[in-house]
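# Understanding the architecture of this molecule
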Amino acid sequence: GQQVMQIPQYQHVQEGEDFTTYCNSSTTLSNIQWYKQRPGGHPVFLIQLVKSGEVKKQKRLTFQFGEAKKNSSLHITATQTTDVGTYFCAVDFGNEKLTFGTGTRLTIIP
Amino acid sequence: SQTIHQWPATLVQPVGSPLSLECTVEGTSNPNLYWYRQAAGRGLQLLFYSVGIGQISSEVPQNLSASRPQDRQFILSSKKLLLSDSGFYLCAWSDLASEQYFGPGTRLTVT
């Protein structure tokens, strides 16, 4: 079936350092979404990217969609303890459901 | 605004017992509804989804079943729980925009 690969699986950073997670697909994507799940919580929708080369920002978070629409990244600048959690990408392959990446678990070292 | 409810929040059940988890959505009509399971520290496994009343698609063969008796009600059931059914069960809804909104989840422990 259609898959989306997400790396890294885990990331430990010192507070104040930057963090990036990547999603890659072998096929061209119509869109990609990003979600955040805090420890013990449920996934929360962050953003959707649709256009080739699109870049969107939410405060310290920068989301990019590749020019070929086969990859995407989420970058956090100057991480804070509130950024702790697991970040998932998700793709709508047009079949009424989302395919989620495996997630990147971010832990912050104070 | 839309709201999604799930209950119970936590559940401890013995092996072989039945299961019924309920999810309801408010503030929208004819949503797509989804059941996911998440093992500890793992990703999201889609179990079932529904695009309308009585319409259920199963993603993974297992001893679970789902039903959608009303437009905004989605139920996950099992006749006999297995130890491997333990996990965090999440219900989600979406409309034509495709992003999904998750409920608070039910943490199930089968003992």
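The following refers to the structure shown. Owing to the predicted nature of the structure, the values given are computational and were not obtained by experimental measurement. (Residues numbered from 1 in each chain as written. Chains lettered and ligands numbered in written order. Predicted model: local features only at pLDDT ≥ 70, side-chain atom pairs only at ≥ 80, totals over all residues. Heavy atoms only, no water.)

## Structural notes on the overall build of chain A
Formally: Only DSSP runs of H or I reaching four residues or more are called helices, and only runs of E reaching two or more are called strands; each is numbered from the N terminus. With the radius of gyration taken over C-alpha atoms, the globule rule is written as 2.2 Å times the number of residues to the power 0.38. Burial here depends on accessible area, computed with a 1.4 Å probe over protein chains only, as a share of the maximum for the residue type. Under 20% is buried, over 50% is exposed, and the range in between is partly exposed.
Across its full length, chain A holds zero helices and eleven strands. Beginning at the N terminus, the succession of helices and strands in chain A can be written as β-β-β-β-β-β-β-β-β-β-β. Relative to the 2.2 N^0.38 estimate, which gives 13 Å for 110 residues, the radius of gyration of chain A is 13 Å and therefore close to what a compact globule would have. Across its three principal axes, chain A shows a C-alpha extent of roughly 40 × 25 × 20 Å. When each of the 110 residues of chain A is scored for burial, the buried share is 48%.

## Side note on the sheet that holds strand β8 (residues 73–78) of chain B
Residues and elements named next belong to chain B. Put simply, the rule is: Pairing between two strands is assigned when DSSP locates at least 2 bridges connecting them. All axes are obtained by fitting lines to C-alpha atoms, using only the stretch in contact for helices, and the reported angles, taken between N-to-C directions, cover 0 to 180 degrees.
Strand order across the open sheet formed by four strands is β1-β3-β8-β7, with antiparallel pairing between neighbours. For this open sheet the edge positions go to β1 (3–7) and β7 (64–70), each flanked by a neighbour on one side alone. The mean inter-strand angle of the sheet, taken between neighbouring strand axes irrespective of direction, is 15°. Sheet topology note: the β1/strand β3 (residues 19–26) ladder contains five bridges and is antiparallel. Its bridge partner lying in β3, Q6 is registered against C23.

## Looking at the pairing of strand β4 (residues 32–37) of chain A
Regular strands place their side chains on alternate faces of the sheet. Residue and element names in this part refer to chain A. In terms of burial, β4 is largely enclosed, as six of its six residues are buried. Residues I32, W34 and K36 point to one face of β4 and Q33, Y35 and Q37 to the other, with burial holding for every one of them. Where β4 folds back onto strand β5 (residues 43–49) in an antiparallel hairpin, the turn is made up of five residues, including G40, whose phi is positive at roughly 80°. Here five bridges tie β4 to strand β9 (residues 85–92), and the two strands are oriented antiparallel to one another. Pairing of W34 across the sheet is with C89, part of β9.

## Description of the side chain of T99 of chain A
Residue and element names in this part refer to chain A. Selection rule: Contact between two residues is taken to exist if any of their heavy atoms lie within 4.5 Å; hydrogens are not considered.
Position of T99 among the secondary structure elements: in strand β10 (residues 98–100). With a relative accessible area of 18%, T99 lands in the buried category. Residues contacting T99, with those up to four places away along its chain left out, are Q2, Q3, V4, C89, A90, V91 and F93.

## A short note on the environment of G41 of chain B
Residues and elements named next belong to chain B. Along the chain, the position of G41 falls in the loop between β4 (32–38) and β5 (45–52). The class for G41 is partly exposed, based on a relative accessible area of 45%. Considering only alpha carbons, one finds G41 and S94, 53 residues apart in sequence, at a separation of 25 Å.

## Some remarks on the state of the cysteines
All names here are of chain A. Where we set the bar: Note on disulfides: each one is a pair of cysteine sulfur atoms within 2.5 Å.
One pass over the full model with this rule turns up two disulfides over all chains. Residue pairing for C23: its cysteine sulfur links by disulfide to C89, the two sulfurs lying 1.7 Å apart. Every disulfide takes its handedness from the sign of the S-S torsion; for C23 and C89 that torsion is -90°, giving left-handed. Here C23 is found in strand β3 (residues 19–24), whereas its partner C89 is found in strand β9, with 66 residues between them in sequence.

## A word on the pattern of salt bridges
Residues and elements named next belong to chain B. To keep things clear, this is the line we draw: We define a salt bridge as a side-chain nitrogen of Lys or Arg found within 4 Å of a carboxyl oxygen belonging to Asp or Glu.
Counted under the stated rule, the structure contains five salt bridges over all chains. For R68, the salt bridge identified is with D71, shortest N-O distance 3.3 Å. The exposure class assigned to R68 is buried, which follows from its relative accessible area of 3%. You can call D71 partly exposed: its relative accessible area is 21%.

## Comments concerning the side chain of Q38 of chain B
To keep it simple, the criterion reads: Side-chain atoms alone can form a polar contact between residues adjacent in sequence; in general such a contact is a pair of N or O atoms within 3.5 Å, and within protein one must be able to donate a hydrogen while the other accepts it.
Residue position: Q38 of chain B is located in strand β4. At 2.8 Å, the side chain of Q38 of chain B and the side chain of Q37 of chain A are in polar contact.

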